Amino acid sequence: MRQYLQTSVIWLFLALLLGLTVLASHVLTGPVSLFTGLFIAALKAGLVLWFFMGMRHETPMIRLFGTGALFWLAALLLLTFVDYLSRGAV
Amino acid sequence: MTENPPSYLDAGHTIRSWLLTTDHKRIAVLYLISVTFFFLVGGAAAGLVRADLLTPEGDLLTNEGYNRAFTLHGVIMVWFFLIPSIPNVFGNFLIPLMIGARDLAFPRLNLLSWYIYMLGGLFTLIVLLVGGVDTGWTFYTPLSSMFSNGHVVLVAAAVFIVGFSSILTGLNFIVTIHKLRAPGMGWGRMPLFVWSHYATSIILVLATPVLSITLVLIAAERLFGLGIFDPSLGGDPLLFQHLFWFYSHPAVYIMVLPALGVISELVAAAARKPVFGYSFVAGSSIAIAIIGFFVWGHHMFVSGQSMYASAVFSFLSLAVAVPSGIKVYNWTATLYKGNILLDPPFLFAMSFIGLFVVGGLTGLALAMLSIDVHVHDTYFVVAHFHYIMVGGTISAYFGALHFWWPKMFGRMYPLTWGRITAATIFFGFNLTFFPQFILGFLGMPRRYHVYAPEFQTLHVLSSAGSTLLGFAYLLPFVYLGYSLVASKRASANPWGATGLEWTVPSPPPKHNFVEIPTVTGRPYDYPVDKEDSR
């Protein structure tokens, strides 16, 4: 029962964050809007990883591999953006 | 020896007992047969390409036929031979034996991986029969997504499918190495072959999905006209190259890291000395795997990528030379004052080191922005990656085959023939690919089959070398095949090498160890008692 309650609370919190994303996209403008959206998305991904994907019950080794995969994804996006954002500059 | 249980080869003689086996050793033999088949198909395509290049006019093939021949050669050799060869044959056979386990962690998943590999192979053969594909093995957009007349979606499906085989094998190896090591075998006591497969598996699991998604995107754009890579629809063709090389550069390390692991074993056994700087050699495998993820942009220096991005990738590409250099220096230090045996596995290891160094140093040249602009998309690049991927990986593959053949099949082979083969492969390889460095430097572009007459002499040399190389690659079929029926039986440890795999009979029994061994010492504890050696 406790598990269902906790899952529901996390789900509600995720729904709330989704609402915040929509609100921020209407209220904020420019880079602030983008970075707020990205920050909320990262928070949501973290909650999903930690609670729904059960990372909080795992051993440090599994967490290391989980973080490693995120790190790889971040490297892929970051280095691709280095190219994309600086293409006009040179 | 009568008290030993029957070997894995004697555990059943029906076809069913092979096709439904979950024994990692039998699955390794299934892979050995299948990768050999694809090696022959890919090699035949290479022979066709080299024959066509004998004359400046390219008389043998049409333009279209030439494009299809070299694409087929690349697709088959990369995805159906170089990537699966060492991990799936020797990794499968040896990892459980080397860490003192009875099998891999997921034996049925292992068999499934082989079936998935064969399904991908079947798709590729269908493509071959219906006319092939002309995009090059890199499937660059917008050629592949908009203009190609070949069967791009079918080949993409083949590579997509075979990618799952890689992912599952990598996953299996990671779990096996984490969970099934024998008591006492800590991370600091693992053979370097196992370390290198651990690093390879991490790349397989983390990079292959990116390729799979990219191929799905290509198929989606080609079939449904989605604007992902097509600029006229709002897409970005460079994005394809970013995604493709994010997998395909680490894929080079998928090919070469297991080879580096093989060479560490061969060098230690040949020199009869512990590997110099064991922990550095082990750590450098992991470092290569990690840094290897950050260098993909060096494939795109002249494709319209920004100069800032190119500078970042140039720096990162130079950084990967450091752990590669550590390995070569440490092997050299291991050999120093070693009691060296000039057996075939050692000769193949020497061949590997020579070719890997040439390939690595020309790789450094290509990582420099200025030099890359000059030789980009020329035969210099072709020569460079063949030195690493073909010279390196295939030397190590043959080295592994000659080193562990007695263990796998319980038979010795004529060593002189092995020595002749190693020398012929080394000579044939250099005759094939060294002229291509000069061709590239002089400006001969890759993927052209009609060329200026002044390049003909170097092309003829290269084609002559490839004939010799092809002949040398076929030689082991004769004497290794002969050894299966007529050679003397091998002892448990014919080379006097260390490692748990040499403590079981040759060929090993079905469940490897009667009792799981306990590891008490460090790896490569040479010299070994010579009583059991040949």
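Keep in mind it's a predicted model, so treat the numbers as computed, not measured.

**Regarding the overall build of chain A**
For chain A, the count of helices and strands is 3 helices and 0 strands. N-terminal to C-terminal, the α/β element order of chain A is α-α-α. In terms of principal-axis extent, the alpha carbons of chain A reach across some 60 × 35 × 10 Å. By residue count, 20% of the 90 residues in chain A fall in the buried class. Partitioning the intrachain contacts of chain A with sequence separation of at least 6 by distance along the chain shows that 48% fall at a separation of at least 24. For chain A, the exposed surface amounts to about 6,700 Å²; the carbon and sulfur share of it is 78%.

**Notes on the packing of helix H3 (residues 60-86) of chain A against helix H10 (residues 307-319) of chain B**
Here H3 of chain A crosses H10 of chain B at 150 degrees, and the two axes come no closer than 8 Å. Classified by the angle between their axes, H3 of chain A and H10 of chain B sit roughly antiparallel to one another. Each of Leu79, Val82, Asp83 and Ser86 of chain A in H3 of chain A lies in contact with H10 of chain B, whose residues at this interface are Tyr308, Ala309, Val312, Phe313 and Leu316 of chain B. The residue inventory of the contact of H3 of chain A with H10 of chain B, partitioned by class, reads 7 nonpolar, 1 polar and 1 charged.

**What about the environment of Val267 of chain B?**
Relative to the helices and strands, Val267 of chain B resides in helix H8 (residues 237-271). The exposure class assigned to Val267 of chain B is buried, which follows from its relative accessible area of 0%.

**Things to note about a nonpolar patch on the surface**
A cluster of nonpolar side chains, namely Leu70, Leu73, Leu77, Phe81, Tyr84 and Leu85 of chain A, defines an oily patch on the protein surface of about 640 Å² accessible area. Along the chain, Tyr84 of chain A falls in helix H3.

**A closer look at the domain arrangement of chain A**
All names here are of chain A. Its domain assignment divides chain A into domain 1 (1-57) and domain 2 (58-89). The straight-line distance from the C-alpha centre of domain 1 to that of domain 2 is 20 Å. Contacts between the two partners involve 6 residues from domain 1, matched on the other side by 6 residues from domain 2. Interface of domain 1 and domain 2: buried area, both sides summed, is about 410 Å²; carbon and sulfur atoms make up 63% of it. Taken as a group, Leu49, Met55 and His57 account for 74% of the area that domain 1 buries against domain 2, more than any other trio of residues on that side. Put simply, domain 1 and domain 2 have 0 salt bridges between them. Our count for the domain 1 to domain 2 interface comes out at 3 residue pairs in polar contact (both at pLDDT 80 or more). Counted by class, the side of domain 1 that touches domain 2 contains 3 nonpolar, 2 polar and 1 charged residues.

**Focus on the UniProt feature "transmembrane region" (unreviewed entry) in chain A**
All names here are of chain A. Within this structure's numbering, the places UniProt gives as "transmembrane region" (unreviewed entry) are residues 34-52 and 64-85. Within residues 34-52, the helical portion is 100% and the strand portion 0%, while the C-alpha atoms at the span's ends are 26 Å from each other. Secondary structure within residues 64-85 divides into 100% helix and 0% strand; the distance between the first and last C-alpha atoms comes to 30 Å.

**Looking at the interface of chain A and chain B**
Taken together, the contact between chain A and chain B spans 16 residues of the former and 24 residues of the latter. Roughly 1,700 Å² is buried in total at the junction of chain A and chain B, and carbon and sulfur atoms are behind 81% of that figure. Ranking the residues of chain A by area buried against chain B places Trp72, Leu76 and Leu79 of chain A at the top, with a combined share of 38%. Between chain A and chain B we count 1 salt bridge in total. Between Asp236 of chain B and Arg87 of chain A there is a salt bridge whose closest N-O contact spans 3.2 Å. Where chain A touches chain B, the interface holds 4 residue pairs in polar contact (both at pLDDT 80 or more).

Rules used throughout
- Residues numbered from 1 in each chain as written.
- Chains lettered and ligands numbered in written order.
- Predicted model: local features only at pLDDT ≥ 70, side-chain atom pairs only at ≥ 80, totals over all residues.
- Heavy atoms only, no water.
- Helix = DSSP H or I, 4+ residues; strand = E, 2+ residues; numbered from the N terminus.
- Buried < 20%, exposed > 50% of the residue type's maximum accessible area, 1.4 Å probe, protein only.
- Contact = heavy atoms within 4.5 Å.
- Areas by Shrake-Rupley, 256 points an atom, 1.4 Å probe, with all protein chains shown as cover.
- Axes fitted to C-alpha atoms, helices over the stretch in contact; angles between N-to-C directions.
- Parallel < 35°, antiparallel > 145°, perpendicular 65-115°, else oblique.
- Nonpolar A, V, L, I, M, F, W, Y, C, P; charged D, E, K, R; others polar.
- Patch = residues over 30% accessible without salt bridge, like charges linked within 9 Å, V, L, I, M, F, W, Y side chains within 5 Å.
- Salt bridge = Lys/Arg side-chain N within 4 Å of Asp/Glu carboxyl O.
- Domains from an automatic or database assignment.
- Buried area = accessible area lost by both parts, 1.4 Å probe.
- Polar contact = N/O pair within 3.5 Å; in protein donor to acceptor, adjacent residues only side chain to side chain.
- UniProt positions renumbered as here; feature names shortened; annotations may be inferred.

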